[in-house]
Each structure stands twice: as structure tokens, then as C-alpha cells.
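# Remarks on the overall topology
The residues making up each chain are set out below.
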Amino acid sequence: MPVPREGIYGLLAEFNTPADLVNATEAAYAAGYRRMDAFSPYPVEEAATAMGWTSKQDRVSLVCLMGGILGGLAMFNLETWVSVFAYPLNIGGRPLYSWVAFIIPAYEWTILWAGLSAAFGMLALNGLPSPYHPLFNAPNFRQGASVDKFFLCLEATDPKFVPADSRVFLEAQHPVSIVEVEY
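Keep in mind that what you see is a predicted model, and the values were worked out from it rather than measured.

## Brief notes about the overall build of the protein
Tallying secondary structure elements over the protein gives six helices and four strands in all. Listing the helices and strands of the protein from first to last along the sequence gives β-α-β-α-α-α-α-β-α-β. Against the compact-globule benchmark of 16 Å for 183 residues, the protein has a radius of gyration of 25 Å, which places it well outside the compact range. When the 183 residues of the protein are sorted by exposure, 30% land in the buried category. In the protein, the proportion of contacts linking residues at least 24 apart, taken out of those at least 6 apart, comes to 78%. With the model as given, the accessible surface of the protein reaches about 11400 Å², and the carbon-plus-sulfur share is 64%.

## Here we look at the packing of helix α3 (residues 59-86) against helix α4 (residues 99-125)
Direction vectors running N to C along α3 and α4 enclose 145 degrees, while the axes themselves pass 6 Å from each other. Of the two possible hands of crossing, α3 and α4 adopt the one that is right-handed. Counted by class, the contact of α3 with α4 contains 18 nonpolar, nine polar and two charged residues.

## Some details on the side chain of S117
With respect to the element layout, S117 can be found in helix α4. Here S117 falls in the buried class, since its relative accessible area comes to 17%. Within the structure, S117 has its side chain in polar contact with the backbone oxygen of W113 (distance 2.8 Å). Setting aside residues no more than four positions away along its own chain, S117 makes contact with V63, C64, G67 and M122.

## Focus: the sheet that holds strand β2 (residues 36-39)
Taking strand neighbours across the sheet as the criterion, the four strands line up as β2-β3-β1-β4 in an open arrangement whose pairing is antiparallel. If you trace the sheet from one side to the other, it starts and ends with β2 and β4 (177-182), each paired once. Strand-to-strand, the axes of this sheet are offset by a mean angle of 20 degrees, without reference to chain direction. The sheet contact formed by β2 and strand β3 (residues 150-155) spans four bridges and is antiparallel.

## A look at the pattern of salt bridges
Taken as a whole, this structure holds two salt bridges when the rule is applied. Measuring nitrogen to oxygen at the nearest pair gives 3.9 Å for the salt bridge that ties E14 to K149. Taken together, the residues span a long stretch of sequence, with E14 in strand β1 (residues 8-15) and K149 in the loop between α5 (141-144) and β3 at a distance of 135 residues. For the salt bridge of E155 with R35, the shortest nitrogen-to-oxygen distance reads 3.0 Å. Taken together, the residues E155 in strand β3 and R35 in the loop between α1 (18-31) and β2 connect sequence positions 120 residues apart. Assessed through its relative accessible area of 9%, E155 is described here as buried.

## Some words on the nonpolar core
Among the nonpolar cores identified, the biggest contains 22 residues, and F15, L21, A28, L152, L154 and L170 are the most heavily contacted of them. Elements that contribute at least two residues to this core include exactly β1, α1, β2, β3 and α6 (163-171). The next biggest cluster of nonpolar side chains, apart from the first, holds nine residues, and it includes Y9, L135, A138 and V181.

## Looking at unusual backbone geometry
Of the consecutive residues L128 and P129, the connecting peptide bond is found in the cis state with omega at -5 degrees. In this fold, P129 is placed in the loop between α4 and α5. You will see that N140, though not glycine, has its phi angle at about 70 degrees, which is positive. For N140, a relative accessible area of 45% translates into the label partly exposed. Within the chain, H174 stands out as a residue other than glycine whose phi angle is a positive 60 degrees. Mapped onto the elements, H174 comes out in the loop between α6 and β4.

Reading guide: rules and limits
Residues numbered from 1 in each chain as written. Predicted model: local features only at pLDDT ≥ 70, side-chain atom pairs only at ≥ 80, totals over all residues. Heavy atoms only, no water. Helix = DSSP H or I, 4+ residues; strand = E, 2+ residues; numbered from the N terminus. Rg over C-alpha atoms; globule rule 2.2 N^0.38 Å. Buried < 20%, exposed > 50% of the residue type's maximum accessible area, 1.4 Å probe, protein only. Contact = heavy atoms within 4.5 Å. Areas by Shrake-Rupley, 256 points an atom, 1.4 Å probe, with all protein chains shown as cover. Axes fitted to C-alpha atoms, helices over the stretch in contact; angles between N-to-C directions. Left-handed = near helix turned anticlockwise from the far one by under 90°. Nonpolar A, V, L, I, M, F, W, Y, C, P; charged D, E, K, R; others polar. Polar contact = N/O pair within 3.5 Å; in protein donor to acceptor, adjacent residues only side chain to side chain. Pairing = 2+ DSSP bridges. Salt bridge = Lys/Arg side-chain N within 4 Å of Asp/Glu carboxyl O. Core = buried A, V, L, I, M, F, W, Y, C linked by side-chain atoms within 4.5 Å.

The analysis is restricted to geometry; functional conclusions fall outside its scope.
What follows is the structure in C-alpha cells.
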């Protein structure tokens, strides 16, 4: 990750409507900004699309799939090891390796591990828990982002970010206010 410049986290622009946010986000993406984030009190799918995010970038699904596969294989291998090698019991002349009986517990572990890996993977990929974020210091962000305001943050780690030029660009989008956010 690039090193931030001069202790600046980025520029935060405040908008009154989701349409203004989406228009500003589309303009920023078209201008070449890639390290940006949009904040709103409810999901605005158009803003995510305008930032270039697609469902193909969903890594939680992959984490969930890997967790399910590992869980199923772990339980199946555990049952095989216990029944065949560690504690073999000859009950009624049945074979020690009775794989059909192993399917139900392995299926249960597949579901358990997939669910847990999806939950913890989502938290990890979202960077949560995050007790501190530089945007918490911006005026109106704490109350506005969860109630009725829409924000676009151009991050200083973006290669195109130059504080003066980025401010001029954001002013052209007609926000309510622009705040320089520091770490």
C-alpha cells in the first residue's frame, strides 16, 4: 500500500442526495481516481457500480467455499482416522471403513465451517472491528453518514491524488462542503 502524503488521509466531500453522490463518484472514476470510498445512511448500489466494484470482486464467497470444503474434508478424514486407525471396532462384522456413515457428519461440518468462515472472513475483509477511522474526526460525518448525508472520500494513497488538484476537482462536483481529513 502506498505511503500517505503529509499525514493527510484524504478529502471528504459532503452531498445532500444520493444522485449527487453517484454523479460525483462517476466523475471521480472517469477522472482516474481509484482509491475512494462512498458513505451513505443506506446502500446506494449505483455508487458501488460507479466506483468500479462488481460482484466478481466478492472474496467472501471464495472464503466461504474454501471453509466449507476444508470443513467437510476435515470431518471426513477425522472419521476415517478414528474408525480405521485410532480406534477400530468390529461391530456386527461391518467393514471398518464405512464411508456412507461418514457423509452426514461431514455434511454438518461443511455447513458449520462455511458459515463461520463467511462470518469471520467478512469481518476480516472489511477490516473490522475498526475502533478508529480518520473520517470520524471530520465534522458532520458521525451524525450525517448514518442519518441523512452522503459522503465521497478521495484517499491520499491514490496515485492521482494531489491535495490542491483534488480539491478543485471536488469543488466542480458542487458538494455542500469539502473537508481535508488527517490521520
